[in-house]
Each structure stands twice: as structure tokens, then as C-alpha cells.
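For reference, the chains in residue letters:
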Amino acid sequence: MRVLKFGGSSVGKPDRILSVIGILIDYTEKKIPYTVVFSAFSGVTDSLIKMAHAAAKGDESYIGLWSIFHDRHLQAIEELIQDSTHKALIIQDFMEMSHTLKNLLQGTYLVMEASPRTMDYVLSFGERASCMIITQAMNQRGLPAEYIDARDIIKTDKNFGAARVDYALTYNLIKKKFRSSKKIKVVTGFIASAKGGLTTTLGRGGSDYTASLLGAGLKADCIEIWTDVDGVLTADPRMVDKAFTIPRLSYIEAMEMSHFGAKVIYPPTIKPAMDLGIPIAIKNTFNPGFPGSL
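All figures in this text were calculated on a predicted structure; none of them were measured in a lab. (Residues numbered from 1 in each chain as written. Predicted model: local features only at pLDDT ≥ 70, side-chain atom pairs only at ≥ 80, totals over all residues. Heavy atoms only, no water.)

**Student:** What is the right way to read the sheet that holds strand β5 (residues 184–188) from this model?
**Tutor:** Sheets are built from strands that pair by backbone hydrogen bonding, the pairs being arranged parallel or antiparallel. Spatially, 6 strands are ordered β3-β5-β2-β1-β8-β9 in an open sheet, and the strand pairing comes out parallel. Strands at the two margins of the open sheet, each flanked by one partner only, are β3 (145–148) and β9 (280–284). Within this sheet the neighbouring strands show an average axis-to-axis angle of 25°, counted without direction. The sheet contact formed by strand β1 (residues 2–6) and strand β2 (residues 34–38) spans 5 bridges and is parallel. Following the sheet pairing, K5 is matched in β2 by V37. (Pairing = 2+ DSSP bridges. Helix = DSSP H or I, 4+ residues; strand = E, 2+ residues; numbered from the N terminus. Axes fitted to C-alpha atoms, helices over the stretch in contact; angles between N-to-C directions.)

**Student:** Would you mind showing me how to read the sheet that holds strand β4 (residues 155–156) here?
**Tutor:** With mixed pairing, the 3 strands of this open sheet are ordered in space as β4-β6-β7. The open sheet has two free edges, formed respectively by β4 and β7 (199–201), since each of these has just one partner strand. Strands in contact with helix α5 (residues 116–140) are β6 (191–194) and β7; relative to β7, the strand with the most contacts, it is inclined by about 75°. (Contact = heavy atoms within 4.5 Å.)

**Student:** How should the pairing of strand β8 (residues 222–227) be read in this particular structure?
**Tutor:** Successive side chains on a regular strand alternate, one facing one side of the sheet and the next facing the other. Of all 6 residues that make up β8, 6 are buried, and the element is covered over most of its length. One ladder, built from 5 bridges, connects β1 with β8; its direction is parallel. The residue bridging L4 from the neighbouring strand is E224, located in β8. For β8 and β9, the ladder comprises 5 bridges, and the chain directions are parallel. Bridging across to β9, T227 finds its partner in N284. (Buried < 20%, exposed > 50% of the residue type's maximum accessible area, 1.4 Å probe, protein only.)

**Student:** Teacher, can you tell me more about helix α2 (residues 44–56) here?
**Tutor:** Two residues of an α-helix separated by three or four positions point the same way, owing to the 3.6 residues in each turn. Between its first and last C-alpha, α2 extends 18 Å over 13 residues, near the 18 Å set by a 1.5 Å rise per residue. For α2, every residue scored as buried is listed here: V44, T45, S47, L48, M51, A52, A54, A55 and A56. Lining the buried residues of α2 we find α3 (61–80), α4 (84–111) and α5. Once α2 finishes, G58 follows within two positions and takes phi at roughly 75°, a positive value. (Expected span 1.5 Å × (residues − 1).)

**Student:** Explain the side chain of T170 to me, please; I cannot follow it from the model alone.
**Tutor:** As for its position among the elements, T170 is in helix α6 (residues 167–178). Excluding residues within four positions of it along the chain, T170 makes contact with I153, I154, K155 and V165.

Here it is as C-alpha cells:
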């Protein structure tokens, strides 16, 4: 079993989502079992933050930002889902979710406050929407996929914004959920829930952490972080022309690089994998044949 995680840049547009599905079809044809984690569409998390902050200030511009969120996801559904029956179902589910977000923002506007607890709930709509849509797109293209809300399997404390994970409980819930069916599990990155059920988040970059937790809970062969660069580079390629990919590095070296600014991997991701000796591969969605970094 492998755990594959695709970030926002990998699922920013419908054509990029189709490229990702192509990678998944290739794994399926090679009979490589996997589960997959997706982030929100690129830019959506930042947009959700903006609309929540605007609502909390009594600024009605949040309505326009919500409309952009709403229309963008509907457009993705139109482009990715051709079957009329499946399209009608996913549109209905998304409309309910989107209007729940709108009502939440209206409440924030009325009370003029966005608490950390409210912010985590607002931010959860990005990953939930993207994974819901991509799951149906996978099903339509012959990949039997099942949507999994990570709030059902990843349990944390109530430190909203950067919640601490209860590893033992989380791993038990992951094992139980993955025994329930043989479909390809599509799991929402970044979000979790406290033991009482309140929505929490794992911090920005937390989708990597989600993948690592799944990998540890499933004792996966490898955790693959698919991003938009060719692995871990020696320097920022936007600043250093001769930066090159490091083919292999230790967990500790990767952790140190991430703490000192390498954004290719979220620091907490390392621990669950390191505890069980599970390799982490950093791969490029836009250059899938490149070996990347291990």
C-alpha cells in the first residue's frame, strides 16, 4: 500500500486534475494499491481565510468571495463530470455544502467575530469540496473511489489552527475505516476533529501530515508527496539557477531543511513516517517520470 498526496497546485484546474487521475490510472494498471489525499484547489484556502476575515469585520465583500468559491467548484464539476446522473448528485451535495458555508459566513458577519474554532470549520470546506468532486471524477473514469472525511479518522485536541494528534486513537480509526471496503479511499487533507466532534486543522501544509498519518496507520510501503517541483532541491530555484534535486536524504536532514525554509515538505510530516521507518518520496505531478527525492 502507498499513500499518495497531491497538493493544491496539482489540483488547481480541471485539466490538472485529469493529469493526476492519469497518474492514478497508471498505478491501478500496474496493480499498485494506494490511497490518495488531496488538498483544496490552489488558492482556495487563502480565499476562505479572506472571506472569514472580511465577514468578521462587517465587510460585505465576503459575499463576492463566496460567490467565486461557489462558481469555481461548479465549473469544475461541469468540466469533470459528464454523466448526467452523477453530475446531478454531486451538484446537489456541493450546493448543500456551499450554502452551509454561506450561512456560516453570514453568522460571522452578524456577530463580527471569527474565533479559531470558527476559522477551522470555514477552512474545512476547501478540502471537502475538492475531494468530493475528484472522487466522482475518478469514479467516472473507471477508478472505484470512496470519499473519506478525515474528521472521521484523525482525532486531535482542541488547539484550533494547529491541533495535536492523538496517534493511538487515530491509527485505530484508520485501520477500522480501511477494512470497511476495498475501494480506493480519497481522504481530505489538512482537516481533523477533536474527540467531541468539533472540526480542527493540522496547520498550513497539513495535507502532507494527513498522508503521513495514513501511512503510519496503514503501515504503508511508501508515502508519496506529489508537488510542483522535482523533489527537495539544494536551494530555491527561483533564486539560484543551478539548484538541483537531492536524490536521497535522511529524515533528520529533511526536517532541518523544512525548518530552515524548504517549503516542499511540512515539518510534522516526518515524525509518523520516521517512527515506523516508512520512506517519503517527493515527486513532481508535472514531471511524473522524474525520480524526485527519497
